[in-house]
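Analysis of the macromolecular model
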Amino acid sequence: MTKLIKYKKREMILVLVLFLAGLIIYSISPQFASSVNIINVFNNNAMLGIMSLGMMMVIVTGNIDVSVGASFAVCNMVVAAYAHNTGGKNPFVAVLIGM
């Protein structure tokens, strides 16, 4: 039980530090908490979030943990090679290959 309390205490300290960092940045630049900036952050990190959700499912189900970065890079290289060899004539097939 004491390990659980110690673990939760550590988590709460990290959340507090993150919150304080946000407040400090907001006090320096009020545009930090604007809706446009928050939407930009979510848009720029959407691909990373989708990949991390996929890896979470792999880890939770107890399957083999393959490297997400390497798999993503190989997938991108295959799609790029297909697009280069076909002259980019059929982007829908490239998207299907990427999936």
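Assigned secondary structure in the protein consists of 5 helices and 0 strands. Moving toward the C terminus, one meets the helices and strands of the protein in the order α-α-α-α-α. When the accessible surface of the protein is split by element, carbon and sulfur atoms take 74% of a total near 8600 Å².

Next up on the list: the confidence of the model for the protein. Any segment with low pLDDT has predicted coordinates that should not be analysed in fine detail. Here the protein shows a mean pLDDT of 81. Residues at 70 or above account for 89%. Ranking the elements of the protein by mean pLDDT puts helix H5 (residues 91-98) last with 79 and helix H2 (residues 35-44) first with 88.

Definitions and limits used
Counting from 1, residues in each chain are numbered in the order their sequence is written. Side-chain atom pairs in this predicted model are given and counted only at pLDDT of 80 or more, local residue features only at pLDDT of at least 70, and totals for whole chains, interfaces and linings cover all residues. In computing side-chain properties, one takes all heavy atoms of the structure into account and sets aside hydrogens as well as water. Put simply, DSSP marks the helices as runs of H or I at least four residues long and the strands as runs of E at least two long, and each gets a number from the N terminus on. Using the Shrake-Rupley algorithm and a 1.4 Å probe, accessible areas are obtained, with residue cover drawn only from the displayed protein chains. pLDDT runs from 0 to 100 and stands for how confident the predictor is about each residue.

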